[in-house]
Amino acid sequence: MFTSILESTPLCLYSIPIVWLTSFWPAATRLALVGKTIGPQNLAPRAGVQRLTEKDPLLGAKAARMEAAHQNGNEIFPLWIAAVFAGHLAGIDNYTMNTYSIAFIALRVVYNYIYVNQSTNIVAASRSLVWLAGFGERVVRLAHLVILKKPPGLPMTILVKAANKVAGTAT
């Protein structure tokens, strides 16, 4: 049943607001952390991380990572929108678009969690690997082909598949 839903419905279009929410989750948790710890300051709301760092350096560092995760989400969001629309308009099948969308959302959630909670260089390296997997196409293509015997997904692959489909070449 789940497979038939993935094949028959363009659920990938719903991934756009969901990915947007994954971008703002770290910002919302940062605001809550700053508000709970030092109180809100509406005159200079962007100075909250600095004020928190002055009071508690460890919590300040975590709030700074929340802000950085939020910024990273904002940076990847336009590429995701382009990938979804290009893939959908080029006629890439629903199953492919939907499974790529689910994978991208899951990777963004994992990325945010690791970024916010990282405390060692090894964990930071795993965050970078999750980002690379989420970004897609050329960077992880070889490893993905070797391990899973199929090309990787996500925004860059969707854009390449869409371009190939429109150009009439194999994807």
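Before any of the text, the structure's been laid out above.
Just so you know, these numbers come straight off a predicted model, no measurement behind them. (Residues numbered from 1 in each chain as written. Predicted model: local features only at pLDDT ≥ 70, side-chain atom pairs only at ≥ 80, totals over all residues. Heavy atoms only, no water.)

Q: Before we go on, may I ask you to explain helix H2 (residues 15-38) in this structure?
A: Think of an α-helix as turning once every 3.6 residues; residues three or four places apart then point the same way. Helix length check: H2 (24 residues) gives 35 Å between terminal C-alpha atoms against 34 Å at 1.5 Å per residue, within 8%. The largest bend in H2 comes to about 35°, at Phe 24, with the proline Pro 26 one to four residues further on. Positioned one or two residues after H2, Gly 39 has a phi angle of 85°, which is positive. (Helix = DSSP H or I, 4+ residues; strand = E, 2+ residues; numbered from the N terminus. Expected span 1.5 Å × (residues − 1). Bend = angle between axes of the 7 residues up to and from the residue.)

Q: Would you mind going over helix H3 (residues 48-55) with me for this structure?
A: Of the positions making up H3, those classed as buried are Gly 48, Val 49 and Leu 52. Mapping the buried residues of H3 onto a view down its axis gives an arc of 95°, with all of them on the same face. Of the exposed residues in H3, the ones pointing more than 90 degrees away from its buried face are Gln 50 and Glu 54. (Buried < 20%, exposed > 50% of the residue type's maximum accessible area, 1.4 Å probe, protein only. Arc of directions from axis to C-beta.)

Q: Help me understand the packing of aromatic side chains, please; the structure alone is not making it clear to me.
A: Each aromatic ring pair is described using two quantities: the centre-to-centre distance and the angle formed by the ring planes. All chains considered together, the criterion is met by three aromatic pairs. Judged by centre distance (4.2 Å) and plane angle (10°), the rings of Trp 80 and Phe 104 are stacked. Taken together, the residues Trp 80 in helix H4 (residues 57-90) and Phe 104 in helix H5 (residues 94-117) connect sequence positions 24 residues apart. Ring centres 5.5 Å apart and planes at 90° place the aromatic pair Tyr 111 and Tyr 115 in the edge-to-face group. Placement of both Tyr 111 and Tyr 115 in helix H5 is noted, with a separation of four residues, approximately one turn of the helix. Assessed through its relative accessible area of 15%, Tyr 115 is described here as buried. (Phe/Tyr/Trp six-rings, centres within 6.5 Å; stacked < 30°, edge-to-face > 60°.)

Q: What's the story with the packing of H2 against H3 in this structure? I'm lost.
A: Axis angle and axis distance: for two packed helices, these are the angle between their axes and the distance between the axes, and together they describe the pair. Interhelical geometry of H2 versus H3 gives an angle of 50° and a closest axis separation of 10 Å. If you check the angle between H2 and H3, you find them oblique. Crossing of H2 against H3: the hand is left-handed. Across from Arg 30, Leu 33, Val 34, Thr 37 and Ile 38 in H2, the residues of H3 making contact are Gly 48, Val 49, Arg 51, Leu 52 and Lys 55. Looking at the contact of H2 with H3 residue by residue, the classes come out as five nonpolar, two polar and three charged. (Axes fitted to C-alpha atoms, helices over the stretch in contact; angles between N-to-C directions. Parallel < 35°, antiparallel > 145°, perpendicular 65-115°, else oblique. Left-handed = near helix turned anticlockwise from the far one by under 90°. Contact = heavy atoms within 4.5 Å. Nonpolar A, V, L, I, M, F, W, Y, C, P; charged D, E, K, R; others polar.)

Q: So what exactly am I meant to see when it comes to the nonpolar core here?
A: Most often, soluble globular proteins keep nonpolar side chains buried together rather than apart. Among the nonpolar cores identified, the biggest contains 17 residues, and Val 19, Trp 80 and Ile 158 are the most heavily contacted of them. Of all the secondary-structure elements, those providing two or more residues to this core are H2, H4, H5 and helix H8 (154-167). Per-element tally for this core: the top contributor is H4, with seven residues. Other than its neighbours up to four places away in sequence, Ile 158 contacts Trp 80, Ala 83, Gly 87, Ile 92, Met 97 and Tyr 100. Among the nonpolar cores identified, the runner-up in size contains seven residues, and Leu 33, Val 34, Leu 52 and Ala 63 belong to it. (Core = buried A, V, L, I, M, F, W, Y, C linked by side-chain atoms within 4.5 Å.)

Keep in mind these numbers describe shape, not what the thing actually does.
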